[in-house]
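Residue-level listing of the chains:
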Amino acid sequence: DIQMTQSPSSLSASVGDRVTITCRASQSISSYLNWYQQKPGKAPKLLIYAAFSLQSGVPSRFSGSGSGTDFTLTISSLQPEDFATYYCQQSYSTPRTFGQGTKLEIK
Amino acid sequence: QVQLQESGPGLVKPSGTLSLTCAVSGGSFSSTNWWSWIRQPPGKGLEWIGEIYHSGSTNYNPSLKSRVTISVDKSKNQFSLKLISVTAADTAVYYCARTGYSHSFDIWGQGTMVTVSS
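The text that follows walks through the structure, step by step, so that each part is easy to find. (Residues numbered from 1 in each chain as written. Chains lettered and ligands numbered in written order. Predicted model: local features only at pLDDT ≥ 70, side-chain atom pairs only at ≥ 80, totals over all residues. Heavy atoms only, no water.)

Some thoughts on the environment of Lys 74 of chain B
Residue and element names in this part refer to chain B. The following threshold applies: Where helices and strands are cited, they refer to DSSP runs of H or I of at least four residues and of E of at least two residues respectively, numbered from the N terminus. Buried residues are those whose accessible area, probed at 1.4 Å on protein chains only, stays under 20% of the maximum for their type, while exposed residues exceed 50% and partly exposed ones sit between those limits.
Relative to the helices and strands, Lys 74 resides in the loop between strand 7 (68-73) and strand 8 (78-83). Judged by its relative accessible area of 44%, Lys 74 is partly exposed. Remark: the alpha-carbon pair of Lys 74 and Gly 50, spanning 24 residues in sequence, is separated by 18 Å.

Here you go:
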């Protein structure tokens, strides 16, 4: 199985801040990396697919980059509704695997 | 727009069988998509259980493969999950999801909580 490791596990930030979350794969996954946002009691929501493609309807303040083993999710200017948990997921091979999550909290 | 809705018992006894159904509405089930089951234990991360294509082809997580069956009923626009010999470790919110571009999960059901307890 491909292991996905996110850092940090938690992060405190303020509205307006620029935030970056990192995801590392245990082997190369090309650009088969997706990012999700999950709020308490809700299903995850797809933000970014194929490392940098913005899902329809997702604000442009979200962006993704990377390839191979190292990837980042950047939120350019945090909004109140962005405080949530973020997961990366590899879709290079089965079993599909997720990172452990990064909880983004209000400072 | 495609919507997914999970249904099934919220309580299953240890050593019993967990059975859930995902109803697909608002779109064609027989498309080029795969359809997945994903679970999330309380307070923990996400675990992919497996996926099915409309033809019936499946892929399973090796960690669960010996206990899992995913099936499809195209006439009812739904697919199902069966997990046998459950234990408390199988207590989780179970989600069904559609696989979209680049094998991402682009549409999710709301999730259903299943508790394994006597």
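Description of the sheet that holds strand 1 (residues 3-7) of chain B
Residues and elements named next belong to chain B. As a reminder of what qualifies: A pair of strands is considered paired only if DSSP assigns at least 2 bridges between the two. Note on geometry: axes are lines fitted to C-alpha atoms, helical ones only across the stretch in contact, with angles between N-to-C directions running from 0 to 180 degrees.
As summarised here, the arrangement of the four strands in space is 1-3-8-7, forming an open sheet in which the pairing is antiparallel. At either margin of the open sheet sits one strand with a lone partner, and together these are strand 1 and strand 7. The mean angle between the axes of side-by-side strands here comes to 20°, regardless of whether they run parallel or antiparallel. Note: strand 7 against strand 8, six bridges, orientation antiparallel. In the strand pairing of strand 8, Val 68 is matched with Leu 83.

Side note on the packing of aromatic side chains
Ring pairs (aromatic) are described by centroid distance and by the angle formed between their planes. Keep this limit in mind: For Phe, Tyr and Trp, where Trp contributes only its six-membered ring, two rings pair if their centres lie within 6.5 Å, and the inter-plane angle classes them as stacked under 30 degrees, edge-to-face over 60, or tilted in between.
The final tally for this structure, using the stated rule, is twelve aromatic pairs over all chains. Seen from their ring centres, Trp 35 of chain B and Phe 79 of chain B are 5.9 Å apart, and the 50° between their planes marks the pair as tilted. Separated by 44 residues along the polypeptide, Trp 35 of chain B in strand 4 (residues 34-40) and Phe 79 of chain B in strand 8 bring together distant segments of the chain. The pair formed by Trp 35 of chain B and Phe 79 of chain B is uniform in burial state, with each residue classed as buried. Through successive ring pairs, a cluster of aromatic residues spans Tyr 36 and Phe 98 of chain A together with Tyr 95, Phe 105 and Trp 108 of chain B.

Some remarks on the interface of chain B and chain A
Definition in use: Residues count as neighbours in contact if any of their non-hydrogen atoms are within 4.5 Å of one another. As used here, buried area is the combined drop in accessible area, with a 1.4 Å probe, of two parts when they are placed together. By salt bridge we mean one thing: a side-chain nitrogen of Lys or Arg within 4 Å of a carboxyl oxygen of Asp or Glu. Definition of a polar contact: a pair of N or O atoms within 3.5 Å, with one able to donate and the other able to accept a hydrogen when the atoms are protein atoms, and with sequence-neighbouring residues admitted only if both atoms are side-chain atoms. Amino acid classes used here: Ala, Val, Leu, Ile, Met, Phe, Trp, Tyr, Cys and Pro are nonpolar; Asp, Glu, Lys and Arg are charged; the rest, including Gly, are polar.
Facing the 20 residues of chain B at the interface are 18 residues of chain A. Summing both sides of the interface, chain B and chain A together bury roughly 1600 Å²; the carbon and sulfur share of this comes to 62%. Taken together, the connections running from chain B to chain A amount to one salt bridge. Arg 96 of chain A is the partner of Glu 51 of chain B in a salt bridge, and the nearest nitrogen-oxygen pair spans 3.8 Å. At the boundary of chain B with chain A, the tally comes to seven residue pairs in polar contact (both at pLDDT 80 or more). Secondary structure elements with two or more residues in the side of chain B that touches chain A: strand 4, strand 5 (47-53) and strand 10 (105-108) of chain B. Classifying every residue of the side of chain B that touches chain A gives eight nonpolar, eight polar and four charged.

Looking at the side chain of Ser 104 of chain B
You can see Ser 104 of chain B is positioned in the loop between strand 9 (92-99) and strand 10. On the basis of relative accessibility, which here comes to 1%, the residue Ser 104 of chain B falls in the buried class. Separated by 2.8 Å, the side chain of Ser 104 of chain B and the backbone oxygen of Tyr 101 of chain B make a polar contact. Among all residues touching Ser 104 of chain B, those that are not within four sequence positions of it are Asn 34, Tyr 36, Leu 46, Tyr 49 and Gln 89 of chain A together with Arg 98 and Thr 99 of chain B.

Details of the pattern of salt bridges
Residue and element names in this part refer to chain B. Throughout the structure, instances matching the rule amount to nine salt bridges over all chains. In this structure, Arg 39 engages Glu 47 in a salt bridge whose closest nitrogen and oxygen atoms are separated by 2.8 Å. Among the residues examined, Arg 39 registers a relative accessible area of 6% and is labelled buried. Salt bridges sharing common partners tie together Arg 39, Glu 47, Arg 67 and Asp 90.

Things to note about the environment of Gly 100 of chain B
Residue and element names in this part refer to chain B. Of note, Gly 100 is situated in the loop between strand 9 and strand 10. Residues Gly 100 and Leu 18 lie 82 residues apart in sequence; the distance between their C-alpha atoms is 26 Å. Those residues within four positions of Gly 100 in sequence are excluded, and the remaining contacts are Asn 33 and Asp 106.

Remarks on the state of the cysteines
Test applied: Disulfides are defined in this document as cysteine sulfur pairs within 2.5 Å.
Overall, the coordinates contain two disulfides over all chains when judged by the stated rule. Paired through a disulfide, Cys 23 of chain A and Cys 88 of chain A show a sulfur-sulfur distance of 2.1 Å. Looking down the S-S bond of the Cys 23 of chain A and Cys 88 of chain A bridge, the torsion is 70°, so its handedness is right-handed. A residue pair is termed long-range when its members are at least 10 positions apart, and Cys 23 of chain A in strand 3 (residues 19-25) and Cys 88 of chain A in strand 9 (residues 85-90) qualify at 65 residues. As far as burial versus exposure is concerned, Cys 23 of chain A and Cys 88 of chain A are alike and both buried. A sulfur-sulfur distance of 2.1 Å marks the disulfide that ties Cys 22 of chain B to Cys 96 of chain B. In this structure, the disulfide formed by Cys 22 of chain B and Cys 96 of chain B twists by about 65° around the S-S bond and is classed as right-handed. You can see Cys 22 of chain B sitting in strand 3 (residues 18-25) and its partner Cys 96 of chain B sitting in strand 9, a full 74 residues away along the chain. With relative accessibility at 0%, the residue Cys 22 of chain B sits in the buried group. By relative accessible area, which is 0% here, Cys 96 of chain B ends up buried.

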